[in-house]
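# Fold and contact review
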Amino acid sequence: MTDLDLGGGYSARPISLDDYRETCARLEDRIFGGNSLYAFDPPVRPAPPPGESWNWGVYHGAELIGWHHAHALDGRTVYMADTGLLPEHQGRGVYSRLLLHLLAAFRAAGFTLVQTSTA
């Protein structure tokens, strides 16, 4: 997948799983106010392979302002596991515009069900 133009100077582009994890560790306190459940401390054992996954960095201009992570649960189901945007970029419709691209990408990849949960 190539860069996604989200309008208003916003874009998203694929990033590696390691870049996604680093971005979460760097921005999550600003996004979630220190109440995040993530713990990307040094691992005590190797993580299991994630299977097929999709990781996007969300940008405003050249600034990385958030992320999205999803992974396949099975041959037909994608789980949208994690999204975060810095507070100053929330409420501007960025996620709503990103979601349209994500759903189209999952459909094009052959998935028929998208699952997510919110806290």
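Described below are features of the structure shown in this document. Each chain carries its own residue numbering, running from 1 in the written order of its sequence. Confidence filtering applies because this is a predicted model: local features only for residues at pLDDT of at least 70, side-chain atom pairs given and counted only at 80 or more, and all residues used for totals across whole chains, interfaces and linings. Only hydrogens and water are set aside; all other atoms, that is, all heavy atoms of the structure, feed into the side-chain values.

Two measures describe an aromatic ring pair: the distance that separates the ring centres and the angle between the ring planes. Stacked, tilted and edge-to-face pairs are distinguished by plane angle, under 30 degrees for stacked and over 60 for edge-to-face with tilted covering the rest, among Phe, Tyr and Trp rings (Trp via its six-membered ring) whose centres lie within 6.5 Å. Counted under the stated rule, the structure contains 3 aromatic pairs. With a centroid separation of 5.4 Å and 65 degrees between ring planes, the pair formed by Trp54 and Phe106 is classed as edge-to-face. Taken as a pair, Trp54 in strand S3 (residues 53-60) and Phe106 in helix H2 (residues 94-108) lie far apart in primary sequence, 52 residues in all. Of the residues examined, Phe106 reaches a relative accessible area of 1% and is grouped as buried. An angle of 90 degrees between the planes, with centres 5.5 Å apart, marks the rings of Trp54 and Phe111 as edge-to-face. Placement of the pair is Trp54 in strand S3 and Phe111 in the loop between H2 and strand S6 (113-116), with a sequence separation of 57 residues. Look at Trp54 and you get buried, because its relative accessible area is 16%. Through successive ring pairs, a cluster of aromatic residues spans Trp54, Trp56, Phe106 and Phe111. Our definition puts a charge over a ring when NZ of Lys or CZ of Arg is within 6 Å of the ring centre and also within 35 degrees of the ring normal. Positioned above the aromatic ring of Tyr59, the side-chain terminus of Arg13 is 3.6 Å from the ring centre. Only DSSP runs of H or I with at least four residues qualify as helices, and only runs of E with at least two residues qualify as strands; both kinds are numbered from the N terminus onward. Classification of residues uses two cut-offs on accessible area relative to the type maximum, computed with a 1.4 Å probe and protein chains only: under 20% is buried, over 50% is exposed, and between them is partly exposed.

Bringing the side chain of His69 into the picture now. Along the chain, His69 falls in strand S4 (residues 63-72). Note on contacts: a residue pair is in contact if any heavy atoms of the two residues lie within 4.5 Å. Those residues within four positions of His69 in sequence are excluded, and the remaining contacts are Leu17, Tyr20, Ser53, Trp54, Asn55, Tyr79, Met80, Ala81 and Asp82.

This part is about H2. Spanning 15 residues, H2 covers 22 Å between terminal C-alpha atoms, matching the ideal 21 Å at 1.5 Å per step. Along H2, the positions that sit buried rather than exposed are Val94, Leu98, Leu102, Ala105 and Phe106. All buried residues of H2 project into a common sector of 95 degrees when viewed along the axis, lining one side. Counted as exposed and oriented over 90 degrees from the buried face of H2: Leu100, Arg107 and Ala108. By this rule the span expected of a helix is its residue count minus one, scaled by 1.5 Å. Working note: the arc is built from the helix axis to C-beta atom directions.

Here we take up the pairing of S3. Of all the 8 residues making up S3, 6 are buried; the element is thus mostly covered by neighbouring parts of the structure. The sheet contact formed by strand S2 (residues 10-14) and S3 spans 5 bridges and is antiparallel. For Ala12, the partnering residue across the bridge sits in S3 and is Val58. Both S3 and S4 contribute to a ladder of 8 bridges, which runs antiparallel. If you follow His60 over to S4, its bridge partner there is Glu63. Pairing between two strands is assigned when DSSP locates at least 2 bridges connecting them.

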